[in-house]
Amino acid sequence: MADIKGWWHRVWRKKQPTCDIADPAALVASFLNGLLRGIAPDRERLMAILYQPLADRSRWWLAAVRKLAADEGKLTAAQGDSAWRLARILFLPSYWQAILKGPHPELKEELLEVWGLMAVPDVAPLLRTAVMDRVPTVGLVAAMDYARWPGPEVTAFFLELLLAEGGPWLDRSGRALALRRQTEGIDIWLGLLQLARDERENVRARAWAVVTSFGPLAEAEEATVGAAVDDGLMEALQDPSVPVRIRALEALGSVARPSLVRQAVAQLSNGDGRIRVEAVRALGRLALLNLLAPEDRQLAYAGVAACLHDDDYRVVGHAQQVLPYLVEG
């Protein structure tokens, strides 16, 4: 048995790389510099690195890319492509996918820091996986990084994220879509308005929550989708779901739609106190922005003043805060 064991040891030693890698991090960095010049890694030295654990290879790759980015200030497209080519040579992408599915937030944050420097298509699937992470410092950072990528598929991804259940997807989707408004604002509005008519109550509410986070429409958005936004809000204010109506009233005030003052005043007589509170707040927002015509201001004042006698103390409190803005106009 001892002879058999010794034979296998002799075979294994023959398979081991003979190259000395006293500084593997520097060796990986040299691989990257070589790829930038079109030079493939030396086979013997590469095998020496490939015999090392994946975690070590990943760490050395991260250090090499960070150093390159620090020296250059940022990664060019060619540098990003070379860095990703080296990652594939080191068999790292599949390892990273496994890391993203496990409980390693610190390592995920390190990876996202470097991936954010690279505009390489192969990074996109990793970022999409990271967006779904439960850890905020991972998922939110990944969402912001991915939101900066060009292409309609990115917008479609974040709109579809609003359909997902059981996670902080509303916040991540809303922030990402807000970041993309400058380039794809019209498509985003149309997508949200479509979701606002979804058969699922929670999806409709989420769509209006994202609209609320946007604030007023830009000039180009107003000209293109302003009327559609008003129509969508009018439908939502008649929605049988209380949460949807509440979200719609929040959006009415935040997006600043003075054309819907009468619809907001009508909600002051709703039987649900939460809806009455949001109606008062929406009217106060419009008044604060000085968007109310004189006749609309009088109508809003009369409705909010009547709320001073409401049975719900929350409605009374908000009415007391809003009335001065309706008078000052």
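Here the structure is shown first, and the text comes after it.
Attention in this report is confined to the structure presented alongside it.

## Concerning the overall build of the protein chain
Thinking step 1. When helices and strands are counted, the protein chain shows 18 helices and 0 strands.
Thinking step 2. Here the protein chain has a C-alpha radius of gyration of 29 Å; the compact-globule value for 329 residues is 20 Å, and the former is much larger.
Thinking step 3. Each principal axis of the C-alpha atoms in the protein chain carries an extent, and together these give about 95 × 45 × 30 Å.
Thinking step 4. The buried share of the protein chain, reckoned over its 329 residues, is 48%.
Thinking step 5. Taking the contacts inside the protein chain whose residues are at least 6 apart along the sequence as the reference set, 68% of them involve residues at least 24 apart.

## What about the pattern of salt bridges?
Thinking step 1. Counting across every chain of the model gives 20 salt bridges.
Thinking step 2. Put simply, Arg 180 and Glu 184 hold a salt bridge, and the shortest N to O gap is 2.7 Å. Here Glu 184 and Arg 180 lie together in helix 11 (residues 169-195), a separation of 4 residues that amounts to about one turn. Exposure class is identical for Arg 180 and Glu 184. Each is buried.
Thinking step 3. The salt bridge involving Glu 278 is made with Arg 281; its shortest N-O contact spans 3.4 Å. Note that Glu 278 and Arg 281 are positioned in helix 16 (residues 273-288) at a spacing of 3 residues, about one turn of the helix.
Thinking step 4. Within the structure, one salt-bridge network assembled from shared partners comprises Glu 222, Asp 230 and Arg 257.

## Overview of the layout of surface pockets
Thinking step 1. Size it by volume and the largest pocket reaches roughly 210 Å³.
Thinking step 2. For the largest pocket, the full set of lining residues is Leu 249, Glu 250, Gly 253, Ser 254, Glu 278, Arg 281, Ala 282, Gly 284, Arg 285, Leu 288, Val 322 and Tyr 325.
Thinking step 3. In terms of residue count, the dominant contributor to the lining of the largest pocket is helix 16 (6 residues).
Thinking step 4. Residue composition of the lining of the largest pocket, by class: 5 nonpolar, 3 polar and 4 charged.

## Concerning the nonpolar core
Thinking step 1. The biggest cluster of nonpolar side chains holds 106 residues, and the ones touching the most others in it are Trp 61, Trp 96, Trp 115 and Phe 158.
Thinking step 2. Once residues lying within four places of it in the same chain are set aside, the contact partners of Trp 96 are Ser 58, Trp 61, Trp 84, Ala 87, Leu 111, Trp 115 and Leu 126.

## Concerning the packing of helix 9 (residues 136-147) against helix 11
Thinking step 1. Their axes nearest at 9 Å, the elements helix 9 and helix 11 cross at an angle of 25°. Of the possible angle classes, the one that applies to helix 9 and helix 11 is roughly parallel. For the pair helix 9 and helix 11, the crossing hand works out as right-handed. For the pair helix 9 and helix 11, contact is made by Pro 136, Gly 139, Leu 140, Ala 143, Met 144, Tyr 146 and Ala 147 and by Asp 171, Arg 172, Arg 175, Ala 176, Leu 179 and Arg 180, respectively.
Thinking step 2. Taken together, the residues of the contact of helix 9 with helix 11 break down into 8 nonpolar, 1 polar and 4 charged.

## Here we look at the packing of helix 2 (residues 24-36) against helix 5 (residues 77-89)
Thinking step 1. Viewed as axis vectors pointing N to C, helix 2 and helix 5 meet at an angle of 130°, and their least axial separation amounts to 9 Å. As the angle between them shows, helix 2 and helix 5 are arranged oblique. Relative to helix 5, helix 2 is oriented so that their crossing is right-handed. The segment helix 2 lies against helix 5, with Val 28, Phe 31, Leu 32, Leu 35 and Leu 36 engaging Ala 78, Gln 79, Ser 82, Ala 83, Arg 85, Leu 86 and Ile 89.

## Concerning helix 17 (residues 294-306)
Thinking step 1. If you check helix 17, its first and last C-alpha atoms are 19 Å apart, about what 13 residues at 1.5 Å a residue would give, namely 18 Å.
Thinking step 2. The set of residues buried in helix 17 consists of Asp 296, Arg 297, Ala 300, Gly 303 and Val 304. The buried residues of helix 17 occupy an angular sector of 130° when projected down its axis, which confines them to one face. Turned more than 90 degrees away from the buried face of helix 17, the exposed residues are Pro 294 and Gln 298.

## Remarks on the packing of aromatic side chains
Thinking step 1. If you walk through the whole model with that rule in mind, you get 8 aromatic pairs.
Thinking step 2. Taking 5.5 Å as the distance between ring centres and 65° as the angle between the ring planes, the aromatic pair formed by Trp 96 and Trp 115 counts as edge-to-face. Of this pair, Trp 96 sits in helix 6 (residues 93-100) while Trp 115 sits in helix 7 (residues 105-115), and the two are 19 residues apart along the sequence.
Thinking step 3. Taking the centre distance of 5.5 Å and the plane angle of 80° together, the rings of Trp 189 and Phe 214 count as edge-to-face. Taken as a pair, Trp 189 in helix 11 and Phe 214 in helix 12 (residues 201-214) lie far apart in primary sequence, 25 residues in all. The burial state of Trp 189 is the same as that of Phe 214; both residues are buried.
Thinking step 4. Three or more aromatic residues joined by ring pairs form one cluster here, namely Trp 61, Trp 84, Trp 96 and Trp 115.

## Considering the environment of Gly 151
Thinking step 1. Structurally, the position occupied by Gly 151 is in the loop between helix 9 and helix 10 (152-161).
Thinking step 2. Classification of Gly 151 by relative accessible area gives buried; the value is 18%.
Thinking step 3. For the pair Gly 151 and Thr 183, spaced 32 residues apart in the sequence, the C-alpha separation amounts to 9.7 Å.
Thinking step 4. Apart from residues no more than four positions distant in its own chain, Gly 151 is found in contact with Arg 180 and Glu 184.

Conventions used here
Residues numbered from 1 in each chain as written. Predicted model: local features only at pLDDT ≥ 70, side-chain atom pairs only at ≥ 80, totals over all residues. Heavy atoms only, no water. Helix = DSSP H or I, 4+ residues; strand = E, 2+ residues; numbered from the N terminus. Rg over C-alpha atoms; globule rule 2.2 N^0.38 Å. Buried < 20%, exposed > 50% of the residue type's maximum accessible area, 1.4 Å probe, protein only. Contact = heavy atoms within 4.5 Å. Salt bridge = Lys/Arg side-chain N within 4 Å of Asp/Glu carboxyl O. 1 Å grid on protein atoms, 1.4 Å probe; cavity = no way out; pocket = protein on both sides within 12 Å on 5 of 7 lines; lining within 4 Å. Points joined across faces, edges and corners; volume = space filled by probe spheres on them. Nonpolar A, V, L, I, M, F, W, Y, C, P; charged D, E, K, R; others polar. Core = buried A, V, L, I, M, F, W, Y, C linked by side-chain atoms within 4.5 Å. Axes fitted to C-alpha atoms, helices over the stretch in contact; angles between N-to-C directions. Parallel < 35°, antiparallel > 145°, perpendicular 65-115°, else oblique. Left-handed = near helix turned anticlockwise from the far one by under 90°. Expected span 1.5 Å × (residues − 1). Arc of directions from axis to C-beta. Phe/Tyr/Trp six-rings, centres within 6.5 Å; stacked < 30°, edge-to-face > 60°.

Don't take any of this as a statement about function, it's just geometry.
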